[in-house]
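Okay, here's what each chain looks like letter by letter:
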Amino acid sequence: MQVGALPLRKAAGGSLEVLLVTTRSTKRWTIPKGWPIKGLKSHQAAGREALEEAGVHGKCRKQAVGRYLYWKRKEDHFELCRVRVFPMDVRDVHDDWPERADRQRHWFSLTDAADMVEEPGLKAVLRMLD
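None of the values given here were measured: they were computed from a predicted structure.

## Remarks on helix 1 (residues 42–54)
Here's step 1: The terminal C-alpha atoms of helix 1 lie 18 Å apart, and with 13 residues this matches the ideal 18 Å at 1.5 Å per residue to within 8%.
Here's step 2: Here helix 1 has its buried residues at His43, Ala45, Ala46, Gly47, Glu49, Ala50, Glu53 and Ala54.
Here's step 3: Buried residues along helix 1 sit against strand 1 (2–10), strand 2 (16–22), strand 4 (33–34), strand 5 (56–60), strand 7 (78–93) and strand 8 (105–109).
Here's step 4: Taken from the residues just after helix 1, glycine 55 is the one with a positive phi, measuring 70°.

## Notes on the layout of surface pockets
Here's step 1: Here the largest pocket is characterised by a volume of approximately 410 Å³.
Here's step 2: Taken together, 21 residues form the lining of the largest pocket, with Thr23, Arg28, Lys33, Tyr70 and Lys72 sitting closest to its centre.
Here's step 3: Looking at the lining of the largest pocket, the elements that each hand over two or more residues are strand 4, helix 1 and strand 6 (66–73).
Here's step 4: Counted by class, the lining of the largest pocket contains five nonpolar, six polar and ten charged residues.

## Considering the packing of aromatic side chains
The relative placement of two aromatic rings is captured by the distance of their centres and the angle of their planes.
Here's step 1: What the rule picks out here adds up to two aromatic pairs.
Here's step 2: Taken together, a centroid distance of 6.2 Å and an interplanar angle of 40° make the contact between tyrosine 68 and tyrosine 70 tilted. Of the two residues examined, tyrosine 68 and tyrosine 70, each falls in the buried class.
Here's step 3: Lysine 33 extends its terminal NZ or CZ atom over the ring of tyrosine 70, reaching a point 4.9 Å from the ring centre.

Scoring rules and cut-offs
- Residues numbered from 1 in each chain as written.
- Predicted model: local features only at pLDDT ≥ 70, side-chain atom pairs only at ≥ 80, totals over all residues.
- Heavy atoms only, no water.
- Helix = DSSP H or I, 4+ residues; strand = E, 2+ residues; numbered from the N terminus.
- Expected span 1.5 Å × (residues − 1).
- Buried < 20%, exposed > 50% of the residue type's maximum accessible area, 1.4 Å probe, protein only.
- Contact = heavy atoms within 4.5 Å.
- 1 Å grid on protein atoms, 1.4 Å probe; cavity = no way out; pocket = protein on both sides within 12 Å on 5 of 7 lines; lining within 4 Å.
- Points joined across faces, edges and corners; volume = space filled by probe spheres on them.
- Nonpolar A, V, L, I, M, F, W, Y, C, P; charged D, E, K, R; others polar.
- Phe/Tyr/Trp six-rings, centres within 6.5 Å; stacked < 30°, edge-to-face > 60°.
- Lys NZ or Arg CZ within 6 Å of the ring centre and 35° of its normal.

Laid out in structure tokens, this is it:
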């Protein structure tokens, strides 16, 4: 089980935008996610992942908006992971962050974000919010 943040902001016209990041190895678009962190609640751990992977800070909601499955690429095998997705109301976007050298980030409309990600379950979560 992993936790993921869905960093959201209001665009100029009032529609929602989501911040996606690229994966380190394959450079596919996805959301910031990772393993639970001891001592943090799931939504707090998701917020930490968003700060480390995407350089955004905000408030993650306590209730997940969905879940999805994906195959995590390991050195010599793949591991099936379930990700709980927590919406994050982004308050600050930092110019520098821990994984800046390893990842790109970009704001997308929910529709475009759903088209950019490969995982069917994540597509479904994004389309559900649109």
